[in-house]
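If you want the building blocks of each chain, they are given just below.
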Amino acid sequence: MDSSTTRGTALGLSLIALLALSVTLLAECSWAQQLRLSPMVLGVVLGMLLADTLRPRLPGGWDGAFRIAGKQLLRAGIVFYGCRLTLEALTELGPEAVLIDTIIVLGTLLLGELLGRALGLERSERLLIASGSAICGAAAVLATEPVVRARSHSTVVAVGTVVLFGTLSMFVYPLLYRWGALEALGLRGVGIYTGATVHEVAHVVGAGAAMSPEIAALATLTKMIRVLLLAPVLLGLSFLMRERHAGGSASGKGRVQIPWFACYFILVVLANSLLAHLASTGGWTESYRMVTDWIQTADTFVLTMAMTAIGMEARLAKFRQSGAKPFLLALGLYLWLVGGGYLLVRLLA
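Asks: For this particular structure, what's the right way to read the nonpolar core?
Replies: Nonpolar side chains in soluble globular proteins tend to be buried together. With 84 residues, the main nonpolar core has Ile 135, Val 159, Tyr 173, Tyr 193, Val 227 and Phe 265 as its most contacted residues. The element best represented in this core is helix α17 (residues 325-348), accounting for nine residues. The contacts of Val 227, once residues within four sequence positions are left out, are Tyr 81, Leu 85, Ile 135, Cys 136, Val 201 and Phe 265. Of all hydrophobic cores here, the second largest spans 13 residues; its members include Leu 15, Ala 20, Leu 50 and Ala 69.

Below, the structure written as C-alpha cells:
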C-alpha cells in the first residue's frame, strides 16, 4: 500500500469516525432517547442520506476506509459484543425462552429460504434478509455477508429492510400492549415475545421500555439468547454454502469456510461469564462493571462506524437494482414474527 493510498484510507476512516461521533451525540438528544434510537440505527440512516450526496464526491483513494469499516471493524465489533452477555443471565429466563428463541430463529431462516425462493431472489440475498430478521438485525446481516458471499448491493438492501421493520416494531408492539392485544401473554410472556421477535437489540430495548421496565429487562435477556445463536447459525450457513460458485457452475464441494469471528464471539461470552462470576465472588464487581462499560461503549462506537460506512454504500441505484422483492420477503418474515411469535409464546411460555 503506497503512501497516497494509506493517507486516503486514514482520511476516510477519520470521516467515518467523525460521522459516527456525530450520531453518537445525536442519540443523546431527548427526542432520540424517547424514540430509543441507538447510534447504530442513526448511523445507518445518516449514511443512507449521504450515499447519493457526499459519497460520490469523495476521492477514490478513500474507498479502502469503507471496506475496512464495513468488514474488519464490523467483525471486531461483533466479537466484543459478547461482553454484553453472560451465561448466568441467559439462564434466568428458563428453558422455554431458549426453546422459543431457537424455534423463532430456525423457523425464520427456513421461511426466508422458502419464501425468498418463491419470489425468485438469489440464495445469498434471501439468507441475508432471513438472518437479519431471525437473529439481530443489521449486525446479523453484515456478519452473514462473507459467509454467503453476497454482493454489496444485496447487503445494503438487506440492512435497509431490517432497519425499517425493526423501527416499525418500536411503535407497533407498545400499541398492541396498550390496546390489550397482548394481555393473554402476561407480563413475562410479553417480555419474551418482544425479545424473541423484534429485530435489533436497540429496537427491543425501545419497544420494551415503552411498555414497562420489567418487560424491557425480560425482552433484553430474551434477545441476548438470539444474539448468542448468531455463532452456530453462521457455522451452519458456512457448511451449507460450502459448494463453490466459481463461474456459476457447481464444481464440487469445497472446504467449509469457518467464520472465525463467530467462534471468537462465543469465547468472549465465556470469558465474560467467568470474569463476572469471579468479580461477584471476589468483591471487585465495581471494577468489572467499569471495564465492561468502557468496552461496551467502545464497541458501540466501532459498530456505529461500520453501520455508517455500510449506509453510505446504499445508493438509490442499488435499491432499484433489487426491486420490491427483498422488501416483500422482509414483510413476510415480519408478519411471521409478529403473528407466529405470538402463538408460539402463548403456547410455550
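Still to come is the rest of the account.
Asks: Help me understand the packing of helix α7 (residues 123-136) against α17 in this model?
Replies: Contact geometry of α7 with α17 gives a least axis separation of 10 Å together with a crossing angle of 30 degrees. Crossing handedness for the pair α7 and α17: right-handed. For the pair α7 and α17, contact is made by Glu 125, Arg 126, Ile 129, Ala 130 and Ser 133 and by Pro 326, Leu 329, Ala 330, Leu 333 and Leu 337, respectively. Of the residues that constitute the contact of α7 with α17, the class distribution is seven nonpolar, one polar and two charged.

Asks: Hey, could you run me through the environment of Leu 331 in this one?
Replies: Take Leu 331: it is sitting in helix α17. Looking at Leu 331, the relative accessible area reads 35%, which means it is partly exposed.

Asks: Which parts of the structure should I look at to understand helix α6 (residues 95-119)?
Replies: Two residues of an α-helix separated by three or four positions point the same way, owing to the 3.6 residues in each turn. End to end, α6 covers 35 Å across 25 residues, agreeing with the expected 36 Å (1.5 Å per residue, within 8%). Where α6 is concerned, the buried positions are Ala 97, Ile 100, Asp 101, Ile 104, Val 105, Thr 108, Leu 109, Gly 112, Glu 113 and Gly 116. Where α6 ends, the next residue or the one after it, Gly 120, has phi of about 85 degrees, a positive value.

Asks: What is the right way to read the side chain of Thr 308 from this model?
Replies: When you line up the elements, Thr 308 lands in helix α15 (residues 285-311). Within polar-contact distance, the side chain of Thr 308 engages the backbone oxygen of Thr 304 at 2.7 Å. Setting aside anything within four residues of it in sequence, one finds Thr 308 in contact with Leu 19, Ala 20, Gly 43, Val 44 and Gly 47.

Asks: Is there a simple way to think about the packing of aromatic side chains in this case?
Replies: To describe a pair of aromatic rings, one takes the distance between the centres and the angle between the planes. Using the criterion set out here, one finds three aromatic pairs in the structure. Ring geometry for Tyr 173 and Tyr 193: centres 5.2 Å apart, planes at 25 degrees, overall stacked. Of this pair, Tyr 173 sits in helix α9 (residues 152-178) while Tyr 193 sits in helix α10 (residues 186-197), placing them 20 residues apart in sequence. The exposure class assigned to Tyr 173 is buried, which follows from its relative accessible area of 0%. Taking the centre distance of 6.0 Å and the plane angle of 85 degrees together, the rings of Tyr 193 and Tyr 342 count as edge-to-face. In this pair, Tyr 193 is assigned in helix α10 and Tyr 342 in helix α17, connecting sequence segments 149 residues apart. Grouping aromatic residues by their ring pairs yields a cluster made of Tyr 173, Tyr 193 and Tyr 342. Arg 55 extends its terminal NZ or CZ atom over the ring of Phe 66, reaching a point 4.0 Å from the ring centre.

Asks: Teacher, can you tell me more about the pattern of salt bridges here?
Replies: Pairing between side chains becomes possible if they bear opposite charge and their charged atoms approach one another. Evaluation of the coordinates by the stated rule reveals six salt bridges. The closest approach of N and O atoms between Arg 188 and Glu 96, which form a salt bridge, is 2.5 Å. A residue pair is termed long-range when its members are at least 10 positions apart, and Arg 188 in helix α10 and Glu 96 in helix α6 qualify at 92 residues. When its relative accessible area of 32% is taken as the criterion, Arg 188 is described as partly exposed. Overall, the relative accessible area of 23% leaves Glu 96 in the partly exposed class. Glu 113 is the salt-bridge partner of Arg 117, the closest N and O atoms lying 2.7 Å from each other. Remark: Glu 113 and Arg 117 occur in helix α6; sequence separation between them is four residues, near one turn of the helix. Among the residues examined, Glu 113 registers a relative accessible area of 12% and is labelled buried. Among the ionic contacts, a cluster of salt bridges with common partners joins Glu 113, Arg 117 and Arg 126.

Analysis parameters
- Residues numbered from 1 in each chain as written.
- Predicted model: local features only at pLDDT ≥ 70, side-chain atom pairs only at ≥ 80, totals over all residues.
- Heavy atoms only, no water.
- Core = buried A, V, L, I, M, F, W, Y, C linked by side-chain atoms within 4.5 Å.
- Buried < 20%, exposed > 50% of the residue type's maximum accessible area, 1.4 Å probe, protein only.
- Helix = DSSP H or I, 4+ residues; strand = E, 2+ residues; numbered from the N terminus.
- Contact = heavy atoms within 4.5 Å.
- Axes fitted to C-alpha atoms, helices over the stretch in contact; angles between N-to-C directions.
- Left-handed = near helix turned anticlockwise from the far one by under 90°.
- Nonpolar A, V, L, I, M, F, W, Y, C, P; charged D, E, K, R; others polar.
- Expected span 1.5 Å × (residues − 1).
- Polar contact = N/O pair within 3.5 Å; in protein donor to acceptor, adjacent residues only side chain to side chain.
- Phe/Tyr/Trp six-rings, centres within 6.5 Å; stacked < 30°, edge-to-face > 60°.
- Lys NZ or Arg CZ within 6 Å of the ring centre and 35° of its normal.
- Salt bridge = Lys/Arg side-chain N within 4 Å of Asp/Glu carboxyl O.

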